[in-house]
Amino acid sequence: MDKKPEDRITELEEALAYLTRVTDDLSEVIARQDGDIARLTCRLDMLMRAEAERQSLGEGSVAVADRPPPHY
C-alpha cells in the first residue's frame with residue numbers, strides 16, 4: 001500500500017532535519033580539527049627551529065639526522 005503524500009513529505013522533512021544536524025556537527029568537528037592542526041603545525045615548526053639552532057650551536061658536532069645509528 002502506498003503512503004499518503006503528506007506522510008512521505010513528513011518523512012523527507014525528518015530525514016532532511018537529521019542530515020542538516022549531522023552536517024552541522026561534522027562542520028564543527030572539522031573546524032576544531034583545523035584549529036588543532038594549525039596549532040600543532042606551529043608548535044612543530046618552533047621545535048624544529050629550536051633543535052636546528054641547538055645543533056648549530058654545538059661545537060663541531062654533527063646534526064643528529066646526519067649521524068649514523070649507534071650500532072654502525
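Rules used throughout
Residues numbered from 1 in each chain as written. Predicted model: local features only at pLDDT ≥ 70, side-chain atom pairs only at ≥ 80, totals over all residues. Heavy atoms only, no water. Helix = DSSP H or I, 4+ residues; strand = E, 2+ residues; numbered from the N terminus. Buried < 20%, exposed > 50% of the residue type's maximum accessible area, 1.4 Å probe, protein only. Areas by Shrake-Rupley, 256 points an atom, 1.4 Å probe, with all protein chains shown as cover. Contact = heavy atoms within 4.5 Å. Polar contact = N/O pair within 3.5 Å; in protein donor to acceptor, adjacent residues only side chain to side chain. Salt bridge = Lys/Arg side-chain N within 4 Å of Asp/Glu carboxyl O.

### Quick look at the overall build of the protein
Here is step 1: Of the regular secondary structure elements, the protein holds one helix and zero strands.
Here is step 2: Residue burial in the protein is summarised as follows: out of 72 residues, 0% are buried.
Here is step 3: As presented, the protein carries roughly 7000 Å² of accessible surface, and 60% of it is formed by carbon and sulfur atoms.

### Regarding the environment of Lys-3
Here is step 1: As for its position among the elements, Lys-3 is in the segment before α1 (5-57).
Here is step 2: With a relative accessible area of 48%, Lys-3 lands in the partly exposed category.
Here is step 3: Those residues in contact with Lys-3 that lie beyond four places of it in its chain are Arg-8 and Glu-11.
Here is step 4: In this structure the side chain of Lys-3 is engaged in a polar contact, spanning 2.6 Å, whose partner is the side chain of Glu-11.

### Remarks on the pattern of salt bridges
Here is step 1: Applying the stated criterion across every chain, the model contains four salt bridges.
Here is step 2: We note a salt bridge from Lys-3 to Glu-11, for which the minimum N-O separation is 2.6 Å.
Here is step 3: Overall, the relative accessible area of 39% leaves Glu-11 in the partly exposed class.
Here is step 4: The residue Arg-54 makes a salt bridge to Glu-51 at a minimum N-O spacing of 2.6 Å. On the criterion of helical spacing, the pair formed by Arg-54 and Glu-51 is a turn pair, its members being three residues apart in helix α1.
Here is step 5: With relative accessibility at 31%, the residue Glu-51 sits in the partly exposed group.

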